[in-house]
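Given next are the chains, with one letter for each unit.
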Amino acid sequence: MTESFPYGNGESFLQSELEIIAPFFDHIILLPKKKYTISREIPVNCQIDDRLTSINLRSLIKEMVINFFFVKYFKDFFLQYKSTRVRLIRSLRYFFKICSEGKSIYKKIRIIDSTDSIFYSYWLKSTAFAVSLLDKKIRKVSRAHGSDIYTLKYIHPLHHFIGKKLMIFSVSNVGKKYLEETYQIPQQSVKLSRLGTTRLYQPISNDVSGNLKRLVSCSNCIPLKQLDKILMAVTELAMKNPKLNFEYIHFGSGPLLEDLIEKTYQLQLSNLNVHYRGFQANDLIQKFYSENYVNAFINFSTSEGVPVSIMEAISYGIPIVASDVGGNTEIVNEVTGHFLSHSASIYELADILDKVVVANSHIYQRALIIDYWSENYNALVNYTDFANRLIHLND
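Residues numbered from 1 in each chain as written. Predicted model: local features only at pLDDT ≥ 70, side-chain atom pairs only at ≥ 80, totals over all residues. Heavy atoms only, no water.

J.: Run through the overall build of the chain, naming residues and quoting values.
T.: A count of helical and extended segments in the chain gives 14 helices and twelve strands. The principal-axis extent of the C-alpha atoms belonging to the chain is close to 65 × 45 × 40 Å. Partitioning the contacts of the chain with sequence separation of at least 6, the portion at a separation of at least 24 is 71%. Accessible area for the chain stands at about 18,900 Å²; split by element, carbon and sulfur atoms hold 53% of it. The positive charge centre, built from 45 side chains, and the negative charge centre, built from 38, are 9 Å apart in the chain. (Helix = DSSP H or I, 4+ residues; strand = E, 2+ residues; numbered from the N terminus. Contact = heavy atoms within 4.5 Å. Areas by Shrake-Rupley, 256 points an atom, 1.4 Å probe, with all protein chains shown as cover. Lys, Arg positive; Asp, Glu negative; His and termini not counted. Charge placed at Lys NZ, Arg CZ, Asp CG, Glu CD.)

J.: An account of the sheet that holds strand β10 (residues 296-299) is requested, with residue identities and associated values reported.
T.: One open sheet holds the six strands; their spatial order is β9-β8-β7-β10-β11-β12, and the pairing between them is parallel. Only two strands of the sheet have a single partner each, and these edge strands are β9 (272-278) and β12 (337-340). Going from strand to strand, the sheet's axes swing by 20° on average, the running direction of each strand aside. In this sheet, β12 lies alongside strand β11 (residues 320-323) in parallel orientation, the contact comprising four bridges. Bridged to Ser323 within β12 is Leu340. (Pairing = 2+ DSSP bridges. Axes fitted to C-alpha atoms, helices over the stretch in contact; angles between N-to-C directions.)

J.: Describe the pattern of salt bridges, with residues and values.
T.: Two side chains with opposite charge may pair up if their charged atoms get near one another. Going through the model one piece at a time under the given rule, you end up with 16 salt bridges. Across the salt bridge formed by Glu247 and Arg214, the nearest N and O atoms sit 2.7 Å from each other. In this pair, Glu247 is assigned in strand β8 (residues 245-251) and Arg214 in strand β7 (residues 212-218), connecting sequence segments 33 residues apart. An identical accessibility class is assigned to Glu247 and Arg214; each is buried. In the salt-bridge network here, residues are joined through shared partners; they are Glu3, Lys33, Lys97 and Glu101. (Salt bridge = Lys/Arg side-chain N within 4 Å of Asp/Glu carboxyl O. Buried < 20%, exposed > 50% of the residue type's maximum accessible area, 1.4 Å probe, protein only.)

J.: Could you give an account of unusual backbone geometry, with specific residues and numbers?
T.: The omega torsion across Phe5 and Pro6 is 10°, close enough to zero to call that bond cis. In this structure, Pro6 sits in the segment before α1 (14-21). Despite not being glycine, Glu11 shows a phi value in the positive range, around 50°. Non-glycine residue Gln184 carries a positive phi angle of around 55°.

J.: Outline the nonpolar core, supporting the account with residue identities and numerical values.
T.: In this structure, Leu215, Tyr289, Phe297, Ile314, Leu349 and Leu353 are the most contacted members of the largest nonpolar core, which totals 79 residues. Leave out the neighbours within four places in its chain, and Phe297 touches Val216, Ser217, Cys218, Tyr289, Ser309, Ile310, Ala313, Ile318, Pro319, Ile320 and Val321. By size, the runner-up hydrophobic cluster in this structure holds 35 residues, among which are Met1, Phe96, Leu124 and Ala130. (Core = buried A, V, L, I, M, F, W, Y, C linked by side-chain atoms within 4.5 Å.)

J.: Residues and numbers for the packing of helix α7 (residues 227-240) against helix α12 (residues 346-359), please.
T.: Taken N-terminus to C-terminus, the directions of α7 and α12 make an angle of 55°; their axes are 8 Å apart at the nearest point. In this view, α7 runs oblique relative to α12, as classed from their interaxial angle. Handedness of the α7/α12 crossing: right-handed. Residues Lys229, Ile230, Met232, Ala233, Val234, Glu236, Leu237 and Lys240 of α7 touch α12, and the partners they reach there are Ile346, Tyr347, Leu349, Ala350, Asp351, Leu353 and Asp354. Taken together, the residues of the contact of α7 with α12 sort by class into ten nonpolar, no polar and five charged. (Parallel < 35°, antiparallel > 145°, perpendicular 65-115°, else oblique. Left-handed = near helix turned anticlockwise from the far one by under 90°. Nonpolar A, V, L, I, M, F, W, Y, C, P; charged D, E, K, R; others polar.)

J.: So what about the state of the cysteines? Which residues, and what values?
T.: Tallied over the full model, the rule gives zero disulfides. Among the cysteines around Cys221, which has no disulfide bond, Cys218 carries the closest sulfur, lying 9.7 Å off. What makes Cys221 buried here is its relative accessible area of 0%. (Disulfide = S-S within 2.5 Å.)

J.: Give me the lowdown on the pairing of strand β4 (residues 139-144), citing residues and values where you can.
T.: Here β4 lies mainly inside the structure; six of its six residues are buried. Alternating residues of β4 divide into Arg139, Val141 and Arg143 and Lys140, Ser142 and Ala144, and every residue in both groups is buried. As paired elements, strand β3 (residues 118-121) and β4 share four bridges and run parallel to each other. Bridging from a neighbouring strand, Ile118 pairs with Arg139 of β4. At this point the chain moves from β3, through helix α5 (residues 126-132), to the parallel β4, and the crossover so formed is right-handed. With five bridges connecting them, β4 and strand β5 (residues 166-170) associate as parallel partners. (Right-handed = clockwise from strand over helix to strand, strands pointing away.)

See the structure below:
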């Protein structure tokens, strides 16, 4: 079960996973929650089932009313609320949205033939809640990423998954530990299963750009990605190095894109060019990496799982400058790049970029960065292992 895949442009990283695990199974049913006009190609043994896309606001309100008076949910919510500083109304809305949507999804999927089946939720949200409600004899799994577990502003009903034989596959060790410690989920119910990427082209080996320094970021244009601060830091970097030319390219779209474009228009630096490419298909981004020497990839997020965008960048030997949040700690290290502190300012980011891109531009060996990707985030290796673990789930 997905948010929208294979519809729309989201969850693009699921494409490579599906292509690799599909041959291990006779038949795969994709159940997206949202439906869009665009639909991507899927393996021949896969089919799309749109039953979840029919869930409407009316059914959610009905389930929310029922769940609101379900004493177990209500009691557990306030037990969590007492130990946090989150906003009450916002948390209530999120908590019961997950529960009510999960109940609605459960009613849709419980009639699916479950003989020798595995129910797999890609996110540890309402779909995982729905899966956890299924008969305990059914094999049930969910992935856990970042935004679906690090609930800094909300209260998450994750505790309802405990003891329901829902196997959770965390994409990072940090996430695995967080689930065990924050939600007291038993170690045997949380396993590490890394994501991965498939490199489509050969990396560019030589820097032939002269005095041009190229910086890239890739994400949705939403507040937690702090793209406005990246823009300010890159501007500061260009001002510190007037004899060099800089190019900053961002791949991705979202609600803040127009605001970023407006801020960029206000820049008056002759040695800095900024380009917003909007949403780009995965193969086009990789083609760009193979044809253009990128000096650094920037991630300045306030919350992360393990970004697939970073995996793609290191597969082409690109050094990373990233925030010390979530699973970033497992992919960014002395081989692949440089960390920023949790509270790093735009000036600290600019200083680190200066060290990585200008002062010590040869400190990171691109061949070693690629080796690290191959050993840890190669899709073929990681997803083959994941498929085998799903098959032998109850062995």
